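Now for the letters of each chain:
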Amino acid sequence: AARCIRRRMGRIAFAALVWRLVRTHPQRIPLASIILLNPWFAPFVIEGRNDVAMMLCIAAAAVAFDRGRGLWADFFLGLAVAIKTLLLPALPFLLLAQKGDRVRRSALLLGPLLVTCLPFLVRDAGAFLDDVLLAPAGLGTHPGEIRGPTVGEAPVTHHLHETVPA
């Protein structure tokens, strides 16, 4: 039930952010419909797949940029990259596109990624780089195959290994 509520809240928030972006456009209804009902895009929103959180962060960043709040926009883009590491190739372009206080903006952009990825890099940097960068490109030691526990399974797996004899 809680998961369903979170999905619905995410969809509502995303739709609200899209509407905020297009509300002054003369063709706002068709534009919002194209974004929200696009057959390639809508299933992610309707089904509540894990990309919804990433897209919500990108929409929030677009609203922040539109309102002149670049620091918040960088933070939301950083969250999007942390949530969906397949966006990592865009990171150099996001860093180059920054204007103003580059140190502060880079920290806000990279901060969420460091917080979420640093434990995995410390534990096994080679496996992390192989899984996150090489495997999606089909270049890893196991392209297309996921190995090891996911973030959500890690505590459960660790607990099982500690309490259940092998």
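These notes cover the structure that comes with them. Think of each chain on its own: its residues are numbered from 1, step by step along the sequence as written. A pLDDT threshold of at least 70 governs which residues receive local features in this predicted model, and a stricter bar of 80 or more applies before side-chain atom pairs are shown or counted, although totals over entire chains, interfaces and linings include all residues. Side-chain measures here rest on the full set of heavy atoms in the structure, leaving out hydrogens and waters.

### So, the overall build of the protein
Then step 1. Looking only at helices and strands, the protein features eight helices and zero strands.
Then step 2. The helix count covers DSSP runs of H or I at least four residues long, the strand count covers runs of E at least two residues long, and both are numbered beginning at the N terminus. What you see in the protein, going N to C, is helices and strands ordered as α-α-α-α-α-α-α-α.
Then step 3. The Shrake-Rupley method, run with a 1.4 Å probe sphere, supplies the accessible areas, and residue values consider only the shown protein chains as cover. Within the structure as shown, the protein displays about 11200 Å² of accessible surface, and the carbon and sulfur contribution to it stands at 68%.

### Focus on the packing of helix α5 (residues 70–83) against helix α7 (residues 102–134)
Then step 1. Close contact between α5 and α7 brings their axes to 8 Å; oriented N to C, the two are set at 25°. In terms of orientation, α5 and α7 fall into the roughly parallel class. The element α5 and its partner α7 pack so that their crossing is right-handed. For the pair formed by α5 and α7, the contact residues are Gly70, Leu71, Asp74, Phe75, Leu77, Gly78, Leu79, Val81 and Ala82 on the first element and Arg104, Arg105, Leu108, Leu109, Pro112, Leu113 and Thr116 on the second.
Then step 2. Here the contact of α5 with α7 is built from residues that sort into ten nonpolar, three polar and three charged. Helix axes are fitted only over the stretch in contact, all axes being lines through C-alpha atoms; the angle between N-to-C directions runs from 0 to 180 degrees. If an angle is under 35 degrees, it is roughly parallel; if it is over 145, roughly antiparallel; if it lies from 65 to 115, roughly perpendicular; otherwise it is oblique. Should the near helix be turned counterclockwise from the far one by less than a right angle, the crossing is left-handed, whereas a clockwise turn marks it as right-handed. We call two residues in contact whenever any of their non-hydrogen atoms come within 4.5 Å of each other. Residues are sorted three ways: Asp, Glu, Lys and Arg are charged, Ala, Val, Leu, Ile, Met, Phe, Trp, Tyr, Cys and Pro are nonpolar, and all the rest, Gly among them, are polar.

### Comments concerning the side chain of serine 106
Then step 1. As for its placement among the helices and strands, serine 106 is situated in helix α7.
Then step 2. Among all residues touching serine 106, those that are not within four sequence positions of it are Leu95, Gln98 and Gly111.

### Remarks on α7
Then step 1. Between its first and last C-alpha atoms α7 spans 29 Å; for 33 residues at 1.5 Å apiece the expected length is 48 Å, and the helix comes up short by more than 12%.
Then step 2. Note that bend, as reported per residue, equals the angle between axes fitted to the 7 residues terminating at that residue and the 7 residues originating from it. Where α7 bends most, the angle comes to about 125°, and this point is aspartate 124.
Then step 3. When a residue's accessible area, from a 1.4 Å probe over protein chains only, is under 20% of the maximum for its type it is buried; when over 50% it is exposed; and in between it is partly exposed. Restricting attention to buried positions, one finds in α7 the residues Arg105, Ser106, Leu109, Pro112, Leu113, Cys117, Ala127, Phe128, Asp130 and Val132.
Then step 4. Looking at the buried residues of α7, the elements they touch are α4 (51–66), α5 and α6 (91–96). Take the number of residues in a helix, subtract one, and multiply by 1.5 Å to get its expected span.

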